[in-house]
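Now for the letters of each chain:
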Amino acid sequence: MILERRCCCVTNEDFSKGAVWRITLSQAIPLMLAQLVQILYNIVDRIYIGHMDGGDSMALTGVGLTFPIITFIVAFAALFGVGGVPLFSIASGAGDNGRAERIMGNSCGLLLISSVALTITGYVFCKPILYLLGASDSSYVYAFDYLNFYLAGTVFSMLTTGLNSYISAQGFPKTGMLTTVIGAVLNIILDPIFIFVLRLGISGAAIATVISQIVSAVWILSFLIRKAPLPLRRTNIRITPDITKSICKLGTSNFVMQGTACFVQAACNSTLQSFGGDIYVGIMTVLNSVRDVFFLPISGLVNGAQPVMGYNYGAKRYDRVRQSIRFNTFAGAAYTVTAWMLIVLFPSFWFRIFSNDAALIEPGVEAIKIYFFGFIFMSFQFAGQSTFQALGDAKHAIFFSMLRKVIIVIPLMLILPRAGLGVKGVFIAEPISNIIGGLASYITMRLTVYNRLKTE
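Here we summarise the structure given alongside this text. (Residues numbered from 1 in each chain as written. Predicted model: local features only at pLDDT ≥ 70, side-chain atom pairs only at ≥ 80, totals over all residues. Heavy atoms only, no water.)

**Concerning the overall build of the chain**
Thinking step 1. Within the chain one finds 19 helices and zero strands.
Thinking step 2. In terms of overall size, the chain behaves like a compact globule, its C-alpha atoms giving a radius of gyration of 21 Å where 456 residues would be expected to give roughly 23 Å.
Thinking step 3. Along the longest, intermediate and shortest principal axes, the C-alpha atoms of the chain span 65 × 45 × 35 Å.
Thinking step 4. Across the chain, every contact between residues at least 6 apart in sequence was considered, and the portion connecting residues at least 24 apart equals 83%.
Thinking step 5. When the accessible area of the chain is evaluated, it comes to approximately 17,400 Å², of which 68% is carbon and sulfur surface.
Thinking step 6. Averaging the coordinates of the 33 positive side-chain charges in the chain and doing the same for the 21 negative ones gives two points 12 Å apart. (Helix = DSSP H or I, 4+ residues; strand = E, 2+ residues; numbered from the N terminus. Rg over C-alpha atoms; globule rule 2.2 N^0.38 Å. Contact = heavy atoms within 4.5 Å. Areas by Shrake-Rupley, 256 points an atom, 1.4 Å probe, with all protein chains shown as cover. Lys, Arg positive; Asp, Glu negative; His and termini not counted. Charge placed at Lys NZ, Arg CZ, Asp CG, Glu CD.)

Here's what the structure looks like:
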């Protein structure tokens, strides 16, 4: 069985051989670049939008109101797409290529069905949802104009997010990187054309994003169908109950993480609108954008490590899984400390990228210092949760997704402002959740999974 398992490896690299840190970085660096470019889809939109109308922050506030909806869409892509990748890697590492292909095909089918349902729901309930999320009459106009076009690209967005990890999981991280590079570069080119040259404003930003997502989705499908060692076969694009159950069970942690982020953003915007008005919703839009950028390296690191951990776990090389956990912890901690120092030393720089509005920058500088305090503890959250997810421990992965966001952040975000802290209470909730949630996730992983791997 051991011989068969190793001979059936289909990746460019055998993840069971060579230095774990080197293999992890070879997977992670292209993913980091790919995710950086992926974030540019939205970041570039926000930069251009923030400098519309002479730098007025109202358009930026309007786009910020759409974040919970976009995050909710990403949550389903994570549930049905990314949720299947660890199962795919484990099956591949165990030599069961047929099952690996069926898992990928099942993911694709789920992504297609859910994207259609989300698109219809978004168009039907767009207006009441935006007002529920904290829109004012002034900001609603901008939010609706952006979302009206963005929803049209939901199917392409979900296919891009959900299927790209299957390329990296087969040993082609550079190809996965190209997926997002192509789309993002196109988006950067099209944004100023549609926004300023064609004078479509915020609608133009959404149109440029949708076109870019279409190109990315076509690129992914072309590679997976024609060139991948384990191809996406049309006969496998169907819903199989047992595989769907396994994908949903493991993908629920991804869904909860993204889904709770959606509710956190909704509660955040609504509370900020009540205690600070549109300007603080705009500030949170910038904070979310900065956070997305600084999350990328550590997110790319743990995502790059997951196929390595999953493959070695399937191949019963538990010593190498433990090496990967140790490397993730050390590298993640070193990075988050560096990132936190850059934010504290140059707080106004990050705001000026998005807007020159003094009314936004002055209170924003204080907010960003509070919001990112204790950023290092996010490295422990990522290291712990990604390990649970990579090894198929869905129960712990789901719990720690909910702990930080649902159990800690949302209650604090609703209570602290009403306890006399005002808008500061919203920003203070984040570092408290990072410290408690990060330590709880990592310590539990070390005491359970890590120690068990040592005995096995």
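The discussion continues.
**A word on the nonpolar core**
Thinking step 1. Counting residues in each nonpolar core, the largest one holds 88 residues, and the members touching the most others are Leu163, Leu224, Leu272, Leu287 and Phe427.
Thinking step 2. At twelve residues, the largest contribution of residues to this core is made by helix α13 (residues 278-314).
Thinking step 3. Every residue in contact with leucine 163, bar those within four places of it in the chain, is listed here: Cys108, Leu111, Met158, Ile220, Leu221, Leu224 and Leu232.
Thinking step 4. Residues Met309, Ile408, Met445 and Tyr450 belong to the second largest nonpolar core, which totals 19 residues. (Core = buried A, V, L, I, M, F, W, Y, C linked by side-chain atoms within 4.5 Å. Buried < 20%, exposed > 50% of the residue type's maximum accessible area, 1.4 Å probe, protein only.)

**Structural notes on the pattern of salt bridges**
Thinking step 1. Applying the stated criterion across every chain yields a total of six salt bridges.
Thinking step 2. Across the pair arginine 404 and glutamate 430 runs a salt bridge whose closest N-O atoms are separated by 3.4 Å. Taken together, the positions of arginine 404 in helix α18 (residues 394-415) and glutamate 430 in helix α19 (residues 423-455) put the pair 26 residues apart, joining distant regions of the chain.
Thinking step 3. On the basis of relative accessibility, which here comes to 5%, the residue glutamate 430 falls in the buried class.
Thinking step 4. Put simply, Arg46, Arg291 and Asp292 are held in one network by salt bridges that share partners. (Salt bridge = Lys/Arg side-chain N within 4 Å of Asp/Glu carboxyl O.)

**Things to note about the packing of aromatic side chains**
Thinking step 1. Applying the stated criterion across every chain yields a total of 22 aromatic pairs.
Thinking step 2. Taken together, a centroid distance of 5.2 Å and an interplanar angle of 80° make the contact between phenylalanine 72 and phenylalanine 76 edge-to-face. Within this pair, phenylalanine 72 and its partner phenylalanine 76 are both found in helix α4 (residues 67-80), separated by four residues, close to a single helical turn.
Thinking step 3. A relative accessible area of 28% places phenylalanine 72 in the partly exposed class.
Thinking step 4. Ring centres of phenylalanine 295 and phenylalanine 375 lie 5.7 Å apart, and the angle between their planes is 10°; on these two criteria the pair is classed as stacked. (Phe/Tyr/Trp six-rings, centres within 6.5 Å; stacked < 30°, edge-to-face > 60°.)

**A word on the state of the cysteines**
Thinking step 1. Inspection of every chain in the model, using the stated rule, returns zero disulfides.
Thinking step 2. With no disulfide of its own, cysteine 268 lies 12 Å from the sulfur of cysteine 262, the closest cysteine sulfur. (Disulfide = S-S within 2.5 Å.)

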